[in-house]
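Notes for the structure review
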Amino acid sequence: MKKIILILSLLLSSTAATYAFNQQSVTAYASTPNQHAQMGVNINSYCTYLLFSCEWSNATSGTATAFGDILLGEYGWSAGSGPSNYSVWGSGRYWSSLTVYIYAGGPLGAQGTATVSWF
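A brief structural summary.

Definitions and limits used
- Residues numbered from 1 in each chain as written.
- Predicted model: local features only at pLDDT ≥ 70, side-chain atom pairs only at ≥ 80, totals over all residues.
- Heavy atoms only, no water.
- Helix = DSSP H or I, 4+ residues; strand = E, 2+ residues; numbered from the N terminus.
- Buried < 20%, exposed > 50% of the residue type's maximum accessible area, 1.4 Å probe, protein only.
- Contact = heavy atoms within 4.5 Å.
- Areas by Shrake-Rupley, 256 points an atom, 1.4 Å probe, with all protein chains shown as cover.
- Pairing = 2+ DSSP bridges.
- Axes fitted to C-alpha atoms, helices over the stretch in contact; angles between N-to-C directions.
- Polar contact = N/O pair within 3.5 Å; in protein donor to acceptor, adjacent residues only side chain to side chain.

Once that is clear, we can look at the overall build of the chain. Within the chain, the secondary structure is distributed over one helix and eight strands. In the chain, the succession of helices and strands from N to C terminus is α-β-β-β-β-β-β-β-β. Out of the 119 residues in the chain, the part that is buried amounts to 33%. Relative to all contacts within the chain whose residues are 6 or more apart in sequence, the contacts with residues 24 or more apart total 73%. Accessible surface computed for the chain: about 7000 Å², of which carbon and sulfur atoms make up 58%.

Shown next, in the form of structure tokens:
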């Protein structure tokens, strides 16, 4: 019985290790040379879970785009025209890599952050 429990625990722990959670973010700061930001994300796997999200704080406008071999998500926002955050799922397919761009417009201190999370 102890051997069976040991074998099952080893199998479960090795399976769980293959589904490691990954996350990468980039931030753009308004009214600075960094009001535009970009990042490359190397995924190279089939994604059970893939989420692109972005949000802006104290900004008056912003845009964000994420794409690989196809467009994952794209969002344009300005104050008074909808929510200052956005997210989209891209699960259930193989992704090699993504390119992410984000822009934040507004006064000093405003920013926009784009995040890609996957496993």
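Once that is clear, we can look at the sheet that holds strand 5 (residues 71-78). Read across the sheet, four strands follow the order 2-7-4-5 without closing on themselves; strand pairing throughout is antiparallel. Lying at the two open borders of the sheet, with one neighbouring strand each, are strand 2 (36-47) and strand 5. Ignoring which end each strand starts from, the neighbouring axes of this sheet average 10 degrees apart. Note: strand 2 against strand 7 (residues 93-105), 10 bridges, orientation antiparallel. Each residue of the ladder has a partner; that of M39, found in strand 7, is V100.

Further remarks concern unusual backbone geometry. Despite not being glycine, S31 shows a phi value in the positive range, around 60 degrees. The phi torsion at N44 lies on the positive side, around 50 degrees, for a residue other than glycine. Among the structural elements, N44 can be located in strand 2.

Here seven bridges tie strand 4 (residues 61-67) to strand 7, and the two strands are oriented antiparallel to one another. Directly across from A66, in strand 7, lies its bridge partner V100.

Pairing analysis gives seven bridges linking strand 4 to strand 5, with the strands arranged antiparallel. In the strand pairing of strand 5, T63 is matched with G76. Counted along the chain from strand 4 to the antiparallel partner strand 5, the turn is three residues long.

For T113, the position within the fold is in strand 8 (residues 111-118). In this structure the side chain of T113 is engaged in a polar contact, spanning 3.1 Å, whose partner is the side chain of T27. In this structure, T113 is in contact with S25, V26, T27, S53, C54, E55 and I102, ignoring residues within four places of it in sequence.

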